[in-house]
Amino acid sequence: MKGAASSLDFWLRSSGRESRQWLCVVTIIGGLGIYGASVGLWRSPLMAAFVAVKMPCIVFLTLGINALLNGMLAQALATGLSFLQTFRAILMSFAVFALILGSLSPVTIGMAMNLPEAGTTGAEQAHRILLLSHTLLIAFAGVIATGKLSDILRSFAGSDSAARRTLVALLAGNLFVGAQVGFILRPVFGSPGLKVEFLRPDAMSGNFYESVWWAVCQSF
Amino acid sequence: METEEPDPTANCHPEEESPVLQPPPVPVIEPTFSGVIDGLLKRPVLLLARVQSSNSAAMLKRMLVLAALCMGAFGLILGWVSGGQQFWLAPLKIVAGIALCGLITLPSLYIFSCLNGHEISLKAVAGVLVSSLALTGLLLMGLAPVLWVFVQSSESLPFLGFLGLAFWSIALAFGLSLVFRTSAAKEAGRSPFLAIWVAIFVLVALQMSTSLRPLIGTADTILPKEKKFFLTHWFDEFSRASGKTRWK
């Protein structure tokens, strides 16, 4: 619970049951599942169920797609971590991320239940408030989890510069892929004007970065 | 791939009687695929010393196979954009193009290494180049699943071309860093010669990608009929894509 770097470092060096990797998986499913439900709850209970499934999926898909690259980068940047240890280190940082968001889910559930519902007066404003609040909370949890990952890398690599380089490389890769995985698994926040569905019909059409580029071009 | 996992209890009981301190064993890089991958990622300096020794043929052979397989896998994902004959043409063009680049730039790497003050043979320089390409291939292999996700969800050739180029640049930066590590290992003074060679290699590789086009997308012929400078080709493709409704 404390996410102490020394404990995380010991788990990382352990094997089998001592490595706690399944505990991390369960924590991510539980923490992000509850938080995801709170994100979708404002739109509808069905949307809450969908997002509860999708949030952990975003994490696991991102981890899976980047597993090979993360392992290679950690080794090439001289942290001394193996493929499996790199995977576990990132899994642990996501578990910390999930714990923080899971602990905040009673607050976000309360917010969802007390704001004007979709389809009523003020729904658009409520949607904007929710979007901003969740973005801030996710960013906050992300910063804390990144700090834990940084501590793990530093204690393992024994060199601040190697740990810093690796952290930047791992973060860049995970953010780059995570944004696209999130784009494919949209809707997550559930715009009030669009219908509730697990995946959009055009889920595999276009990508996050093209959409950003398109939005920028439309703005000027 | 196995790694030397440190014992977590190693430093936990300092009061216990410690054995006589022994110098740490010098790691040996086996000329196997797993040994080569391990050496490229974790012990590049040791690997470079090994490939510059006299009995490096088996290791070089495996690194060449590794580079070809990894770059071929990356090419397969690029070929996935258009499918059809690009499934085999794109991997073939990428492997052949990089091999040609290596051959074209090998003499200049040898000369520039000598100018840099290295006492090095042509065979040893070839070993360094093969190591660089093998590491580049490994990184491209690691980036291939990421590229695949975007290939599945995007039809924009300029975007996918840019992404492929960005991934290739990242992998190449790691791969060509081995050339500079050789320089550091030889305790040679810093010199612009190797930096100039890297710039030459990058230019040759970029032009090669244009000369062997299309690597992504389709064309009537396997190789282009028209000769183009790579910047002109990029500008033409971007202008053509900008004219389509998607980018309006």
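Placed above this text is the structure.
All of these numbers come straight from a predicted model, not from anything done at the bench.

**Focus on the interface of chain B and chain A**
In this assembly, 29 residues from chain B lie in contact with 27 residues from chain A. Across the chain B/chain A interface, buried area totals approximately 2,600 Å², and carbon plus sulfur atoms make up 70% of it. Here chain B is connected to chain A by 0 salt bridges. Put simply, chain B and chain A have 4 residue pairs in polar contact (both at pLDDT 80 or more) between them. Elements with a contribution of two residues or more to the side of chain B that touches chain A: α1 (33-42), α5 (122-153) and α6 (157-185) of chain B. Looking at the side of chain B that touches chain A element by element, the count peaks at 11 residues for α5(B). Residues belonging to the side of chain B that touches chain A are distributed by class as follows: 17 nonpolar, 6 polar and 6 charged.

**What to know about the layout of surface pockets**
Residue and element names in this part refer to chain A. Here the second largest pocket defines a volume of roughly 1,300 Å³. Residue lining of the second largest pocket: 36 residues in total, with Ile58, Ile138, Leu175, Gly178 and Ala179 positioned closest to the centre. For the lining of the second largest pocket, the elements supplying multiple residues, two or more each, are α3 (45-76), α4 (83-114), α5 (123-157), α6 (160-184) and α7 (208-219).

**Quick notes on the pattern of salt bridges**
Applying the stated criterion to the full structure yields 7 salt bridges over all chains. Between A:Asp202 and A:Arg186 there is a salt bridge, with the nearest N and O atoms lying 3.6 Å from each other. Separated by 16 residues along the polypeptide, A:Asp202 in the loop between α6 and α7 and A:Arg186 in the loop between α6 and α7 bring together distant segments of the chain. On the accessibility criterion, A:Asp202 (35% relative accessible area) is partly exposed. With its nearest N and O atoms 2.9 Å apart, the salt bridge here joins B:Asp38 to B:Arg43. Given the relative accessible area of 17%, B:Arg43 is considered buried.

**So, a nonpolar patch on the surface**
A contiguous nonpolar surface patch, about 350 Å² in accessible area, is contributed by B:Leu76, B:Trp80, B:Phe87 and B:Trp148. Mapped onto the secondary structure, B:Leu76 falls in helix α3 (residues 57-79).

**Some remarks on the packing of aromatic side chains**
Applying the stated rule across the entire model yields 14 aromatic pairs over all chains. Here the aromatic rings of A:Phe176 and B:Phe150 are separated by 5.1 Å at their centres, their planes lie at 35°, and the arrangement is tilted. In this pair, A:Phe176 is assigned in helix α6 and B:Phe150 in helix α5, connecting two distinct chains. When the centroid spacing of 5.9 Å and the interplanar angle of 45° are considered together, the rings of B:Phe150 and B:Phe159 count as tilted. Of the residues examined, B:Phe150 reaches a relative accessible area of 1% and is grouped as buried. Three or more aromatic residues link up through ring pairs in this structure, and these residues are A:Phe176, A:Phe208, A:Tyr209, B:Phe150, B:Phe159 and B:Phe167. The aromatic ring of A:Phe183 is capped on one face by A:Arg186, whose charged end is 3.9 Å from the ring centroid. Stacked on the ring of B:Phe33, the Lys or Arg B:Arg62 has its end atom at 6.0 Å from the ring centre.

**Describing empty space enclosed by the protein**
On inspection of all chains with the given rule, the structure shows 2 cavities of 30 Å³ or more. Taken as a whole, the largest cavity holds about 50 Å³ of empty space. Around the largest cavity, the lining residues are B:Leu109, B:Ser113, B:His118, B:Ile120, B:Val125, B:Val128, B:Val179, B:Thr182 and B:Leu194. Taken together, A:Arg43, A:Met47, A:Pro187, A:Gly190, A:Ser191, A:Leu194, A:Lys195, A:Val196, A:Glu197 and A:Arg200 make up the full set of residues lining the second largest cavity. Its residues assigned to classes, the lining of the second largest cavity shows 4 nonpolar, 2 polar and 4 charged.

**Some words on unusual backbone geometry**
That bond from A:Arg186 to A:Pro187 is cis: its omega, 5°, falls within 30 degrees of zero. Locating A:Pro187 in the fold gives a position in the loop between α6 and α7. The omega torsion across B:Arg213 and B:Pro214 is 0°, close enough to zero to call that bond cis. Backbone geometry at A:Ala78 places phi at a positive 65°, although glycine is not the residue there. Mapped onto the elements of the fold, A:Ala78 is located in the loop between α3 and α4. Take A:Ala78: its relative accessible area is 49%, and that puts it in the partly exposed class.

**Here's the deal with the environment of A:Ser14**
Residue and element names in this part refer to chain A. With respect to the secondary-structure elements, Ser14 resides in the loop between α1 (5-13) and α2 (21-41). Classification of Ser14 as buried rests on a relative accessible area of 4%. As a C-alpha pair, Ser14 and Gln85 span 71 residues in sequence and 9.4 Å in three-dimensional space.

**Details of helix α8 (residues 230-242) of chain B**
Residue and element names in this part refer to chain B. With 13 residues, α8 should reach 18 Å at 1.5 Å per residue; the first-to-last C-alpha distance of 18 Å fits that figure. Looking at α8, one finds that the buried residues are Phe230, His233 and Ala241. Projected down its long axis, α8 carries its buried residues within an arc of 65°, all on one side.

**Thoughts on the nonpolar core**
One finds B:Leu40, B:Met63 and B:Trp197 to be the most contacted residues of the largest nonpolar core, which totals 116 residues. The greatest single-element share of this core, amounting to 18 residues, is contributed by α5(B). Residues contacting B:Trp197, with those up to four places away along its chain left out, are B:Thr105, B:Ser108, B:Leu109, B:Phe112, B:Leu129, B:Leu176 and B:Val179. Ranked by size, the runner-up nonpolar core spans 6 residues in total, among them A:Ala112, A:Leu115, A:Ala126 and A:Leu130.

Reading guide: rules and limits
- Per chain, the residues get numbers from 1 upward, laid out in the order the sequence is written.
- Labels follow written order: the first chain is A, the first ligand is 1, and so on.
- Per-residue local features are limited, in this predicted model, to residues with pLDDT of at least 70; the limit for side-chain atom pairs, both in listing and counting, is 80 or more; totals at the level of whole chains, interfaces and linings are taken over all residues.
- Water and hydrogen atoms play no part in the side-chain values, which are based on all heavy atoms of the structure.
- In what follows, a contact means two residues having at least one pair of non-hydrogen atoms within 4.5 Å.
- A 1.4 Å probe defines the accessible area here, and the buried area is the portion of it lost by two parts on being joined, summed over both.
- A pairing counts as a salt bridge when a side-chain nitrogen of Lys or Arg comes within 4 Å of a carboxyl oxygen of Asp or Glu.
- Whenever two N or O atoms come within 3.5 Å, that pair is a polar contact, provided that in protein one can donate a hydrogen and the other can accept it, and provided that, for residues adjacent in sequence, both atoms are side-chain atoms.
- The numbering of helices and of strands both runs from the N terminus, where a helix is a DSSP run of H or I of at least 4 residues and a strand a run of E of at least 2.
- Amino acids are sorted into nonpolar (Ala, Val, Leu, Ile, Met, Phe, Trp, Tyr, Cys and Pro), charged (Asp, Glu, Lys and Arg) and polar (every other residue, Gly among them).
- Cavity: a set of points on a 1 Å grid over the protein atoms alone where a 1.4 Å probe fits but cannot get out. Pocket: an open set with protein on both sides within 12 Å along at least five of seven lines, its lining residues, like those of a cavity, having an atom within 4 Å of a point.
- Grid points are joined across faces, edges and corners, and a volume is the space filled by probe spheres set on the points.
- Exposure classes here rest on a 1.4 Å probe applied to the protein chains alone. A residue is buried below 20% of its type maximum, exposed above 50%, and partly exposed in between.
- To count toward a patch, a residue needs a relative accessible area above 30% and no salt bridge. Like charges then connect within 9 Å, nonpolar side chains (Val, Leu, Ile, Met, Phe, Trp, Tyr) within 5 Å.
- For the area figures, the Shrake-Rupley method with a 1.4 Å probe applies, and any residue is considered shielded solely by the protein chains shown.
- Two rings belonging to Phe, Tyr or Trp (six-membered ring only in the last case) form a pair when the distance between their centres is within 6.5 Å. Interplanar angles under 30 degrees mark stacking, angles over 60 mark edge-to-face geometry, and anything in between is tilted.
- By the criterion adopted, a ring carries a charge over it if an Arg CZ or a Lys NZ lies within 6 Å of its centre and within 35 degrees of its normal.
- Multiplying 1.5 Å by the helix residue count minus one yields the expected span of that helix.
- This arc describes the spread of directions from the helix axis toward the C-beta atoms.
- Residues belong to a common nonpolar core when they are buried Ala, Val, Leu, Ile, Met, Phe, Trp, Tyr or Cys residues joined through side-chain atoms within 4.5 Å.

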